[in-house]
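Coordinate inspection notes
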Amino acid sequence: MVKVLLWGSLRQATDGLTEVEVEAATFKQLLDRLGEAYPGLQPQIKRGVSMSLNGVIYREAWFTEIPPESEVVLMPYMTGG
């Protein structure tokens, strides 16, 4: 199981939960399973989200593997620079 910390407005789609757990080996699996478990997240996932894996932010890195005991943070899509 992967523990996923949820930032900001994403918490509204999980009834205020700040952390959820899903079974996933890649970012794609994680997003698919989060969308199934929490349908309210699907619109934001479709618009785009950013994910942090052990402090490194990824965007559109669907097949990035998630090692056991990793810290994963899901955030609304981050833009700018």
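Now for a look at the structure at hand. In this text the structure is predicted, and so the values were computed from the model without any measurement.

Scanning the protein from terminus to terminus reveals two helices and five strands. Along the protein, helices and strands appear, N-terminal first, in the series β-β-α-α-β-β-β. In terms of C-alpha radius of gyration, the protein reaches 11 Å, essentially the compact-globule figure of 12 Å for 81 residues. For the protein, the share of sequence-separated contacts (at least 6 apart) that also reach a separation of at least 24 residues comes to 49%. With the model as given, the accessible surface of the protein reaches about 5,000 Å², and the carbon-plus-sulfur share is 51%. Charged side chains of the protein number 7 positive and 10 negative; the gap between the two group centres comes to 8 Å.

Moving on: unusual backbone geometry. The phi torsion at D15 lies on the positive side, around 55°, for a residue other than glycine. Residue placement: D15 occurs in the loop between β1 (2-6) and β2 (19-22). With phi around 50°, N54 is a residue other than glycine that occupies positive phi space. Relative to the elements of secondary structure, N54 occurs in the loop between β3 (49-53) and β4 (56-58).

With respect to the helices, strands and loops of the structure, P67 is situated in the loop between β4 and β5 (72-76). Of the residues examined, P67 reaches a relative accessible area of 40% and is grouped as partly exposed. For the pair formed by P67 and A25, sequence separation is 42 residues and the distance between their alpha carbons is 7.4 Å.

Along β1, the buried face is formed by V2, V4 and L6; none of K3 and L5, which line the opposite face, is buried. In the sheet, β1 pairs with β2 via four bridges, with the strands oriented antiparallel. Within β2, the position partnered with V2 by the bridge is V22. Looking at chain direction, β1 and β5 are connected through three bridges and run parallel. Bridge pairing links L6 to L74 in β5.

Here we come to the sheet that holds β3. Backbone-to-backbone hydrogen bonds join strands into a sheet, with any given pair of strands oriented parallel or antiparallel. In space, the five strands of this open sheet follow the order β2-β1-β5-β3-β4, with mixed pairing throughout. Edge strands, defined here as strands with exactly one partner in the open sheet, are β2 and β4. Across this sheet, the average inter-strand angle for adjacent strands is 30°, counted without regard to direction. Packing against the sheet, helix α1 (residues 27-37) makes contact with β1, β2, β3, β4 and β5, and its axis sits at approximately 125° to β3.

About the thresholds
- Residues numbered from 1 in each chain as written.
- Predicted model: local features only at pLDDT ≥ 70, side-chain atom pairs only at ≥ 80, totals over all residues.
- Heavy atoms only, no water.
- Helix = DSSP H or I, 4+ residues; strand = E, 2+ residues; numbered from the N terminus.
- Rg over C-alpha atoms; globule rule 2.2 N^0.38 Å.
- Contact = heavy atoms within 4.5 Å.
- Areas by Shrake-Rupley, 256 points an atom, 1.4 Å probe, with all protein chains shown as cover.
- Lys, Arg positive; Asp, Glu negative; His and termini not counted.
- Charge placed at Lys NZ, Arg CZ, Asp CG, Glu CD.
- Buried < 20%, exposed > 50% of the residue type's maximum accessible area, 1.4 Å probe, protein only.
- Pairing = 2+ DSSP bridges.
- Axes fitted to C-alpha atoms, helices over the stretch in contact; angles between N-to-C directions.

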